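Chain and residue survey
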Amino acid sequence: MNDLNGYDVEDLSVGMTATFSKTITEADIVLFAGVSGDGNAVHTNEEFAQGTVFKGRIAHGFLTASVISAAVANKLPGPGAVYLDQRMSFKAPVRPGDTVHATVRVKEVMPERGRVLLETTCTVRGTVVIDGEALIKVGSSAKRQQRAPAVTASL
């Protein structure tokens, strides 16, 4: 573990999993539209959205995907991890009030490069809404020890 209680590359093994859950609120959708600039009416206008294939408003795909980021940052590998790449496919809509469960699973550990490949999945009521993979940079306790200054004893 690093000083922030995140996993180092030496702590990780294939198959480790963690989940972070968040209920997507009206406020989340409105704030995300403002922050991102994505004011698409399918997210912000119920009357318009009723006439679409979704038959009502849906959350932004990247708002939903941000729950994966929270799982990476807070759970596995946790604090100190840095996103390098994310591939994902959007499978089903998420609506205001839905609880998104983002699960990350270690698929591959690359200790020589300080990298971990995660399988990333978001579900709502058991339905997969996003799936993909993320490449994450993590720290190394061995490399930190190599960089630490030597402590000498004095009498």
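These lines cover the structure that appears in this document, whether it is placed above or below. (Residues numbered from 1 in each chain as written. Predicted model: local features only at pLDDT ≥ 70, side-chain atom pairs only at ≥ 80, totals over all residues. Heavy atoms only, no water.)

Per the secondary structure count, the chain includes 5 helices and 5 strands. Helices (α) and strands (β) of the chain occur, in sequence order from the N terminus, as β-α-α-α-α-β-β-β-β-α. A globule of 155 residues ought to have a C-alpha radius of gyration of about 15 Å, yet the chain, at 19 Å, is considerably larger. Over its C-alpha atoms, taken along the principal directions, the chain stretches across nearly 80 × 30 × 20 Å. (Helix = DSSP H or I, 4+ residues; strand = E, 2+ residues; numbered from the N terminus. Rg over C-alpha atoms; globule rule 2.2 N^0.38 Å.)

Another point: the sheet that holds strand 3 (residues 99-110). Across the sheet, 5 strands lie side by side as 1-3-4-5-2; this open sheet has antiparallel pairing. Each of the sheet's edge strands pairs with one partner strand only, and the pair in question is strand 1 (17-23) and strand 2 (82-90). This sheet shows a mean twist of 20 degrees between the axes of neighbouring strands, independent of strand direction. Of the pairings in the sheet, the one linking strand 3 to strand 4 (residues 115-124) comprises 9 bridges and is antiparallel in character. Bridging across to strand 4, R105 finds its partner in E119. (Pairing = 2+ DSSP bridges. Axes fitted to C-alpha atoms, helices over the stretch in contact; angles between N-to-C directions.)

Inspection of the secondary structure puts R57 in the loop between helix 3 (46-50) and helix 4 (61-74). A relative accessible area of 10% means that R57 is categorised as buried. (Buried < 20%, exposed > 50% of the residue type's maximum accessible area, 1.4 Å probe, protein only.)

Before going further, it helps to spend a moment on helix 1 (residues 26-36). For helix 1, every residue scored as buried is listed here: D28, I29 and A33. Down the axis of helix 1, the buried set is contained in an arc of 130 degrees. They therefore lie on one face. In this structure, helix 1 carries V30, L31, G34 and V35 as exposed residues pointing more than 90 degrees from its buried face. Here the buried face of helix 1 lies against strand 1, helix 2 (41-44) and helix 4. G37 sits one or two positions beyond helix 1 and adopts a positive phi of about 85 degrees. (Arc of directions from axis to C-beta. Contact = heavy atoms within 4.5 Å.)

Ranked by size, the top nonpolar core spans 28 residues in total, and within it I24 and V104 carry the most contacts. Of all the secondary structure elements, the ones that give two or more residues to this core are helix 4, strand 3, strand 4 and strand 5 (127-137). With near-sequence residues (within four places) excluded, I24 lies in contact with I29, A59, L63, V67, V94, R95, P96, G97, D98 and V100. (Core = buried A, V, L, I, M, F, W, Y, C linked by side-chain atoms within 4.5 Å.)

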